[in-house]
Amino acid sequence: MSDSLLAERWRKARTDGRAALITYLTAGYPTPTDFVAALTAVTAAGADIIEVGLPFSDPLADGPVIQRATHAALEQGVGVRRSLDLIAEANV
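The structure presented is a predicted model; accordingly, all values stated were derived computationally and were not measured.

## Considerations on the overall build of the protein
Next up, step 1: Summing up its helical and strand segments, the protein has four helices and two strands in all.
Next up, step 2: Listing each helix as α and each strand as β along the protein from the N terminus yields α-β-α-β-α-α.
Next up, step 3: The principal-axis extent of the C-alpha atoms belonging to the protein is close to 45 × 30 × 20 Å.
Next up, step 4: In the protein, which comprises 92 residues, the share counted as buried stands at 27%.
Next up, step 5: Sequence separation of 24 or more characterises 66% of the internal contacts of the protein that already satisfy a separation of 6 or more.

As structure tokens, this is what we get:
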């Protein structure tokens, strides 16, 4: 998402007098197929901003829930390249 599109999402929520709906998904979790479906679903549901966590081997700064999701995605072979492919596959 470009800076201008991100700024536009914040501006739209502010203009509408509401909080922005920001979602977080770990790429490849719980499975690559389910991740693509979830990314498509939160987009269709009206999420203003979607943060996608890219699985990496040492997520110490993340809490236990995100650590487990990252570990599960890595076990399925999802890394940075595959994460980007899955996001492209969702076509959102």
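Let's pick the thread back up.
## Quick word on a nonpolar patch on the surface
Next up, step 1: On the surface, Leu-54, Val-80 and Leu-84 cluster together to form a nonpolar patch covering roughly 220 Å² of accessible area.
Next up, step 2: Inspection of the secondary structure assignment puts Leu-54 in the loop between strand S2 (49-53) and helix H3 (64-75).
Next up, step 3: Judged by its relative accessible area of 32%, Leu-54 falls in the partly exposed class.

## Description of the nonpolar core
Next up, step 1: In terms of nonpolar packing, the biggest core is built from 11 residues, these being Leu-25, Ala-27, Phe-35, Val-36, Leu-39, Val-42, Ala-47, Ala-73, Val-78, Leu-86 and Ala-90.
Next up, step 2: Elements supplying a minimum of two residues to this core: helix H2 (32-44) and helix H4 (80-90).
Next up, step 3: Leave out the neighbours within four places in its chain, and Val-78 touches Ala-27, Gly-28, Pro-32, Pro-55, Ala-73, Ser-83 and Leu-86.

So, how was this worked out
Residues numbered from 1 in each chain as written. Predicted model: local features only at pLDDT ≥ 70, side-chain atom pairs only at ≥ 80, totals over all residues. Heavy atoms only, no water. Helix = DSSP H or I, 4+ residues; strand = E, 2+ residues; numbered from the N terminus. Buried < 20%, exposed > 50% of the residue type's maximum accessible area, 1.4 Å probe, protein only. Contact = heavy atoms within 4.5 Å. Patch = residues over 30% accessible without salt bridge, like charges linked within 9 Å, V, L, I, M, F, W, Y side chains within 5 Å. Areas by Shrake-Rupley, 256 points an atom, 1.4 Å probe, with all protein chains shown as cover. Salt bridge = Lys/Arg side-chain N within 4 Å of Asp/Glu carboxyl O. Core = buried A, V, L, I, M, F, W, Y, C linked by side-chain atoms within 4.5 Å.

Just distances and angles here, no functional claims.
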